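What follows is the residue order along each chain.
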Amino acid sequence: HVHRVFHALTGETVVQTVRRMRMHRAAVALVQGKEPLDRLARAVGYPNRSSFSRAFALSYGIAPSAYRQRGELRPFSLIHPPEMSLMYDVILRDDPARRLAAMPHTGPYTEIGRAFEKLGAVVGGRGLFARAGHMVGVYYDDPSATPAAALRSHAGFEMPADVAIEPPLEVVTLPAGPHAVLRFRGPYSGLPAAYDQLFGLWLPGSGRTPADSPVFEVYLNSPMDTAPEDLLTEICLPLV
């Protein structure tokens, strides 16, 4: 059953998500800094100025040089298909730090279910399920710039501070702070559309900047005892 939980992120959807985040960060850098476009292009993952300029113009409808000359840091007019609309509520929430008992995974994100199976076996074998909180998936690398075999992630359970976390489990701490939280209700197959909204529509218009901390998903219930249409997932985007 654990495999079904982690069909939420496909390679294509994650690539689209990362691209939107890059464009948002580039737009902020264009207005707030004076870094040459060649260097800025490399900083946001593009091999040269021309490829970056094409991607930026496709996303914002204006060339990066013209955007810089305008000098206005305002809600960005990200271009998106007309059929896309704000279907899900996004809230701003200050969250406490989360302490995870986690199993590392290296490889395609779509295969993180293997790490959750190992995690469940260890947690169950140590009698810790009664102390465990929600399942959490944490993703670190940019799949458009990192080979699939080298992608890093963690499969985790929230654990209170008084529970010892020993090998092969690892302690992962997700820092406290402001988060944009999209709560999605429905089958996991619908999560890619929720990601597209959060990064493609909400983030560019929010004026907020993602923090240097990974996006993660919190699973509020389980397909083991919940109908697909009633599954609840929080997509959590740490913010500066």
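For the structure itself, consult the block above.
What you see is a predicted model; the values in this text were computed from it and never measured. (Residues numbered from 1 in each chain as written. Predicted model: local features only at pLDDT ≥ 70, side-chain atom pairs only at ≥ 80, totals over all residues. Heavy atoms only, no water.)

Turning our eyes to something else, we now look at the packing of aromatic side chains. Using the criterion set out here, one finds 2 aromatic pairs in the structure. Here Tyr-88 and Phe-184 contribute two aromatic rings whose centre-to-centre distance is 5.4 Å and whose plane-to-plane angle is 75°, an arrangement assigned as edge-to-face. Placement of the pair is Tyr-88 in the loop between α5 (64-70) and β1 (90-95) and Phe-184 in strand β6 (residues 177-185), with a sequence separation of 96 residues. Owing to a relative accessible area of 4%, Phe-184 belongs among the buried residues under this scheme. Ring geometry for Phe-129 versus Phe-157: centroids 5.8 Å apart, planes at 90°, classification edge-to-face. Linking Phe-129 in the loop between α6 (113-125) and β3 (135-139) with Phe-157 in strand β4 (residues 152-158), this pair joins segments that are 28 residues apart in sequence. For Phe-129, a relative accessible area of 46% translates into the label partly exposed. For Phe-157, a relative accessible area of 8% gives the class buried. (Phe/Tyr/Trp six-rings, centres within 6.5 Å; stacked < 30°, edge-to-face > 60°. Helix = DSSP H or I, 4+ residues; strand = E, 2+ residues; numbered from the N terminus. Buried < 20%, exposed > 50% of the residue type's maximum accessible area, 1.4 Å probe, protein only.)

Further remarks concern the pairing of β4. If a strand is regular, its side chains alternate between the two faces of the sheet. In terms of burial, β4 is largely enclosed, as 6 of its 7 residues are buried. Relative to β4, strand β2 (residues 98-106) is paired through 7 bridges, and the arrangement is antiparallel. When the sheet's bridge partners are listed, Pro-104 is paired in β4 with His-154. (Pairing = 2+ DSSP bridges.)

Don't take any of this as a statement about function, it's just geometry.
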